[in-house]
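So the chains spell out like this:
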Amino acid sequence: MIAKSARSWVWLLYIALAVYAFITFIPFAWALSASFKSLPEISSGGTNFIPKAFTLDNYKTIFLQEPLFGRWLINSIIIAVTVTLFNLLFNSMAGYALARITFPGKQFLFFLVLAVLVVPGQITLLPKFLILKSLGWLNSYQGLIAPAIVNATFIFMMRQFFLNFPKELEEAAALDGLNRFETFFQVVMPLAKPALAAQTIFIFMGSWNEFLLPLVVMSNPEMFTLPLGLNAFKGQYVTYWNYIMAASMIFTLPALAIYAFFNRYFIQGVTFTGGKG
Amino acid sequence: MLNKTLWNKRSTRETLSGYLFMTPAIVVLGIFLIIPVIFTIVLAFYRVQLLGEISFRFAGFKNFVRMGSDERVWIALQNTVEYVAIVVPIQTILAIVLALILNTQIKGKSWFRVAFFLPTVTSSAVLTLIFMWIYNTNGLLNSFLSFLRLPTYNWLGDPDVALKGIMLMNIWATAPLFMVIYLAALQDIPESLYEAASIDGATPWEKFWCITLPFLKPVTFFVIVMGIIGTFQLFDQSYIFSGGSGGPNNATLTIVLLIYQYAFKNLDMGYALALTLMLALVIMTVTLIQRSLFKEESFD
Amino acid sequence: MKKLLSSLAFSALLLLTTACRSRDQNEGTIEITLSGWQSNPIESQLLEKVIDQFEAKYPNIKVKHEVINSQYMDVIKTRLIGDVAPDVFYLDAFEAPLLMKFEVLEPLNSYIKPEFNISDFEPTLINAFKRNEKIYGIPKDFSTLALFYDQTAFAKADIKQPPKTWNELIQYSKKLTRSEPDGKPNRYGFGITPELPRQQFIIQAFGGKLVDRNNYAAFATPESLKGLQLVIEQYRRDRSSAQPSDVGASSGDDMLGQGRVAMLLSGAWSIPYFKETFPNLKFATAEVPTINGRKGTMAYTVAYVMNRKSTHKEAAWKLIEYLTSEAVMKTSGNQGFALPSRRSVLAELQSDRTSLYAPLIAGAKYATTWQAGETLPTILTNFDNQFVSALIGQQSLKDAMQKAQDTANREIYLSN
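Residues numbered from 1 in each chain as written. Chains lettered and ligands numbered in written order. Predicted model: local features only at pLDDT ≥ 70, side-chain atom pairs only at ≥ 80, totals over all residues. Heavy atoms only, no water.

(A) Focus on the interface of chain C and chain A. Taken residue by residue, the interface counts 29 residues in chain C and 27 residues in chain A. With both sides pooled, the region where chain C packs onto chain A buries about 2600 Å², and carbon together with sulfur makes up 63% of that total. One can count two salt bridges joining chain C with chain A. As a salt-bridge pair, C:Asp83 and A:Lys133 come within 4.0 Å of each other at their nearest N and O atoms. Sorting the residues of the side of chain C that touches chain A by element identifies α1 (2-17), β2 (61-67) and α3 (72-81) of chain C as the ones contributing at least two each. Looking at the side of chain C that touches chain A, the element that brings in the most residues is α1(C), giving six residues. Along the lines of polarity and charge, the residues of the side of chain C that touches chain A split into 14 nonpolar, eight polar and seven charged. (Contact = heavy atoms within 4.5 Å. Buried area = accessible area lost by both parts, 1.4 Å probe. Salt bridge = Lys/Arg side-chain N within 4 Å of Asp/Glu carboxyl O. Helix = DSSP H or I, 4+ residues; strand = E, 2+ residues; numbered from the N terminus. Nonpolar A, V, L, I, M, F, W, Y, C, P; charged D, E, K, R; others polar.)

(B) Structural detail: the UniProt feature "domain: ABC transmembrane type-1" (unreviewed entry) in chain A. Annotation from UniProt places "domain: ABC transmembrane type-1" (unreviewed entry) at residues 73-262 of chain A. Annotated as residues 73-262 of chain A, this span is 76% helix and 0% strand, and its ends, taken at the C-alpha atoms, are 21 Å apart. (UniProt positions renumbered as here; feature names shortened; annotations may be inferred.)

(C) Representation of the side chain of A:Thr55 in the model. All names here are of chain A. Positionally, Thr-55 belongs in the loop between α2 (39-43) and α3 (57-65). Polar contacts involving the side chain of Thr-55 include one to the main-chain amide nitrogen of Asp-57, which spans 2.9 Å. Leave out the neighbours within four places in its chain, and Thr-55 touches Ser-35, Phe-36, Lys-37 and Ser-38. (Polar contact = N/O pair within 3.5 Å; in protein donor to acceptor, adjacent residues only side chain to side chain.)

(D) Local environment of the UniProt feature "transmembrane region" (unreviewed entry) in chain A. Residue and element names in this part refer to chain A. Feature annotation in UniProt places "transmembrane region" (unreviewed entry) on residues 12-32, 72-96, 108-132, 144-162, 183-205, 211-233 and 240-262, given in this structure's numbering. Taken as a whole, residues 144-162 contains 68% helix and 0% strand, while its terminal C-alpha atoms sit 29 Å from one another. Between the C-alpha atoms that bound residues 240-262 the distance is 35 Å, and the span itself is 96% helix and 0% strand.

(E) Up close: helix α4 (residues 109-116) of chain B. Regarding α4(B), the residues found buried are B:Phe112, B:Ala115 and B:Phe116. Buried positions in α4(B), seen along its axis, are confined to an arc of 95° and lie on one side of it. (Buried < 20%, exposed > 50% of the residue type's maximum accessible area, 1.4 Å probe, protein only. Arc of directions from axis to C-beta.)

(F) Summary view of the side chain of A:Thr200. Along the chain, A:Thr200 falls in helix α11 (residues 193-209). Setting aside anything within four residues of it in sequence, one finds A:Thr200 in contact with A:Thr84, A:Leu88, A:Met205 and A:Phe262.

(G) Molecular detail of the pairing of strand β2 (residues 55-58) of chain B. Residue and element names in this part refer to chain B. Pairing of strand β1 (residues 46-49) with β2, which is carried by four bridges, proceeds in the antiparallel orientation. By the bridge assignment, Gln-49 is partnered in β2 with Ser-55. Between β1 and β2, which pair antiparallel in sequence order, lie five residues; one of them, Gly-52, sits at a positive phi of approximately 65°. (Pairing = 2+ DSSP bridges.)

(H) Quick look at the packing of helix α6 (residues 124-135) of chain B against helix α8 (residues 159-187) of chain B. All names here are of chain B. Look at α6 against α8: their axes get within 11 Å of each other, and the N-to-C directions meet at 130°. Accordingly, the angle class assigned to the pair α6 and α8 is oblique. Read as a crossing pair, α6 and α8 show a hand that is right-handed. Judged by residue contacts, Leu-127, Thr-128, Phe-131 and Tyr-135 of α6 engage Gly-165, Leu-168, Met-169, Trp-172 and Ala-173 from α8. Among the residues forming the contact of α6 with α8, the class breakdown is seven nonpolar, two polar and no charged. (Axes fitted to C-alpha atoms, helices over the stretch in contact; angles between N-to-C directions. Parallel < 35°, antiparallel > 145°, perpendicular 65-115°, else oblique. Left-handed = near helix turned anticlockwise from the far one by under 90°.)

(I) Highlighting the domain arrangement of chain C. Residues and elements named next belong to chain C. Here chain C is partitioned into domain 1 (25-144 + 300-369) and domain 2 (146-297 + 372-414). Each of domain 1 and domain 2 has a C-alpha centre, and the two are 28 Å apart. Each side of the interface is counted separately: domain 1 has 24 residues, and domain 2 has 28 residues. Approximately 2200 Å² of surface area, both sides summed, lies buried where domain 1 meets domain 2, with 67% of it carried by carbon and sulfur atoms. It is Phe-94, Leu-356 and Tyr-366 that lose the most area in domain 1 upon contact with domain 2, and together they represent 30% of the buried surface on that side. Inspection of the region where domain 1 meets domain 2 yields one salt bridge. Taking the shortest distance from any N to any O, the salt bridge between Glu-374 and Lys-101 comes out at 3.5 Å. (Domains from an automatic or database assignment.)

(J) Expanded view of the confidence of the model for chain C. All names here are of chain C. Put simply, chain C has an average pLDDT of 87, and 92% of its residues get 70 or more. Summarising per-element confidence for chain C, the mean pLDDT is lowest in α1 (47) and highest in strand β7 (residues 146-150) (96). With pLDDT under 50 throughout, residues 1-26 is counted as low confidence; its partners more than four residues away or in other chains account for 32 contacts. (pLDDT = per-residue confidence, 0-100.)

(K) Summary view of the pattern of salt bridges. Residue and element names in this part refer to chain C. As enumerated under the stated definition, the model contains 25 salt bridges over all chains in all. The closest approach of N and O atoms between Arg-237 and Glu-233, which form a salt bridge, is 3.5 Å. On the criterion of helical spacing, the pair formed by Arg-237 and Glu-233 is a turn pair, its members being four residues apart in helix α9 (residues 222-238). By relative accessible area, Arg-237 is classed as exposed at 58%. One salt bridge in this structure joins Asp-238 and Arg-237, with 3.5 Å as the shortest N-O distance.

(L) Structural detail: the nonpolar core. The biggest cluster of nonpolar side chains holds 257 residues, and the ones touching the most others in it are A:Phe162, B:Met269 and C:Leu99. The greatest single-element share of this core, amounting to 17 residues, is contributed by α8(B). Non-local contacts of C:Leu99, meaning those with residues more than four positions away in its chain, are made with B:Leu51, C:Met73, C:Leu80, C:Phe89, C:Leu91, C:Val104 and C:Leu105. Grouped together as the second largest cluster of nonpolar side chains are 54 residues, C:Ile192, C:Leu196, C:Ala262 and C:Ile291 included. (Core = buried A, V, L, I, M, F, W, Y, C linked by side-chain atoms within 4.5 Å.)

(M) Structural view of unusual backbone geometry. Residue and element names in this part refer to chain C. Within the chain, Asp-83 stands out as a residue other than glycine whose phi angle is a positive 60°. Examined against the element boundaries, Asp-83 turns out to sit in the loop between α3 and β3 (88-92). Classification of Asp-83 as partly exposed rests on a relative accessible area of 42%. Unlike most non-glycine residues, Asn-292 shows phi in positive territory, near 55°. Mapped onto the elements of the fold, Asn-292 is located in the loop between β12 (283-286) and β13 (297-306).

(N) How the structure looks around the packing of aromatic side chains. Residue and element names in this part refer to chain A. Taken as a whole and judged by the stated rule, the model has 71 aromatic pairs over all chains. Aromatic side chains Phe-63 and Phe-69 sit 5.4 Å apart centroid to centroid with 80° between the ring planes, which places their arrangement in the edge-to-face category. On the basis of relative accessibility, which here comes to 0%, the residue Phe-69 falls in the buried class. Each ring, one from Phe-69 and one from Phe-233, has its centre 6.2 Å from the other, and the planes form 65°; the classification is edge-to-face. (Phe/Tyr/Trp six-rings, centres within 6.5 Å; stacked < 30°, edge-to-face > 60°.)

(O) Molecular detail of the domain arrangement of chain A. Residues and elements named next belong to chain A. Partitioning chain A into domains gives domain 1 (2-60) and domain 2 (68-273). Taking the mean C-alpha position of each, domain 1 and domain 2 sit 33 Å from one another. Across the boundary between the two partners, domain 1 contributes eleven residues, which contact nine residues of domain 2. Three residues, Leu-39, Asn-58 and Tyr-59, lead the burial of domain 1 against domain 2; their summed loss comes to 52% of the area buried on that side. Linking domain 1 with domain 2 are one residue pair in polar contact (both at pLDDT 80 or more).

(P) Representation of the environment of B:Leu183. Following the sequence through the fold, B:Leu183 ends up in helix α8. Residue B:Leu183 is classed as buried on the basis of its relative accessible area, which comes to 4%.

Below you can see the structure in the form of structure tokens.
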């Protein structure tokens, strides 16, 4: 009897999961299906997920009619990749120093990092704009990259990570005559891969999906990132939902690839950022 | 030279490398976070004109007084409160339920986890566009509702439901993130507690009430506060949804959108900065409350 | 790992030293930027062609044409305060007072030569870009509103003539509204756009006005309400009009094109759009029906203006001059997205009385230009928000308009 009720419980759970998975997928499926439909089919307002007349024209049109689309893609990639690389390096360096190196003023710097942690990004938007303006960095890659190459949250996370790092390895490195930098790059970093992977996902996704700061920094269409491009695209092709959905799908792929690739580090990363301190 | 004590030399070198390691962080956080914060605090008391001749005029508390009688500030705050009241509880409960289900010994759960997480990794710009397409008057949602013989809505144009549309989307997109946080927390509950409870003859329900839930309390605090802070910073969805206007009839106006409008539409930078300062104070208060509650909880 | 560090450091250096904005490639060739929006891809292609001709005429000037399609004015303002604005850009008359007031536009008086024949431009259009006798913009084109109607729907409802008065329009709308068996209309008589730019002339029809002398909102008067009430009543009581989002359309044009409404007020841009996008639609135009026995319509105009901080002002003027010259206006005017701003060119169009454009041209005589001081954007936002809420019945029109006026005026007062 007990086994039977347990099994029906499991079935219930499966049904619940399946229903939620369905809810998760429907919007994507609907968007994907629209991206392969023609405009007349879209306007007729049917609810068929399989296009009546499957077409790739929407994707072709985007790249042909919107010459900047490729450019936006490249901008987004350049910015997200650069930002991610710098973050991995700089956050780890700062986190390592805060965890392992003894130097005067360290307590103060750590306090500063904690204080900065409390300041939400949106709040610095307007002053950032003014600073970038006075640097002449509006509409330039460095305008979006420079403010984002360090992240207090991940400095904190890396510090926590390095605190638990086995001391013996560094001592051995010191005996081998390696200085701090050599120890850091040759011994410590290679062993920090799980933490770095988690960081990669969060920083890359954050940069890739960011909307507000690019909106004010990148006002020249050539310098748009993809989210801005998508928004402009929507402004231009208001009625052409087939194009808008195709563009959305193209936009989603790279982030999805990164997620799929680093997926197993995700939970780990969430644990790190989940404020366990 | 060589007589300098080894210890001294070493400590200088340590200090030097310590600061070298910290330099990028100090420079970037200094220029793009600490200076901006100072800027905000100072300029919030000025009238700033940036178009044409740049000018700064000390305005005292005028910008702050103006907030009190600015109806749109109240509307934005009201929208935010409504948003918090509806979105935060629903997404938190949804996240707990999903996490509990995925924490059972069920086959294929990692697949479900990957699938559920999809909305969270998708850009808010894309999600907003997809949902606008679904919310279309002749769109999928209305077709579905009318199939169930439920009333249909003009999701994009009716002020009564426009914000609900964004809420729905937000719950859908954020719940999985919090689900993962709960999942991580659930892994930390020592199995021995459950075993001990089983020996004492506890039912699964008792185990849930007396072990699982108390353990999840600190995480729940965290999730709720993150939800509230996220809500206060809502921008992308409202901006794209309403084409930057916060309409229909201010229904989707958020505080950050209001700040953006004052800064770049009305070109009233000083007032926008005063609003920013107000928002910062609200968010930091919430965060600090969370910190203190959170600490107490963890020491239990 | 060391290599990684040094290469990272190198790329950092590279990033910080090389600005990524485009620079002039050759000595002698200058590049100027022209920013505008695009109401239609074809319009953009035409402009590209004209620009090619310009570049052929002035080989040392290269024009970079930029299309900004969403929140155009926000983008332009952001770029103006960021010192990264284009050399020449489109400016709608309604946004002009603010930019003229802050003197971010270059006065063009000294550039205008007698051959340019500035007096050929429709004076009301030029005046929209004038402040203290300084001309800040050369009108590129304009359009008024006219009544567009679906001839097939008219024939089916047995209506021979387009409505001449607003009462007729309301009567016809009832006849033209068609419902499905379940009582839900699938076509409405009249399509409305509940926004101030389309309503200003209705406010004025019974003697109301939008703003007072100091540019404060002044539309919450019984006279103004009388006009607006017509729109509200038709929508709420007759249920014979619809706004785009009611029928899942994204613009008024689409409502008519998709057969969701039978009549619509729209401008010249709709004519080529309908022909292109909805080739099966049989439509005609007529003058806007009279309200209170008075003729009225709106006029919208856009000018080319020059950024005061442009570093290539002479070249920028050459471009403006070329784009607004009689010869170019003649060729681009033929494409029909708008009406030419030069009277000499308009006169040629005027000769054809049967043309779809005739009612639009006729409207130019009595149209209200969409413009009213630098406070208009604030008034616009508040009006639109409250008007929609009155339209869907959340509050009475009187309350809504009073609230819109009070809120707008408080905002205007506080921002001064």
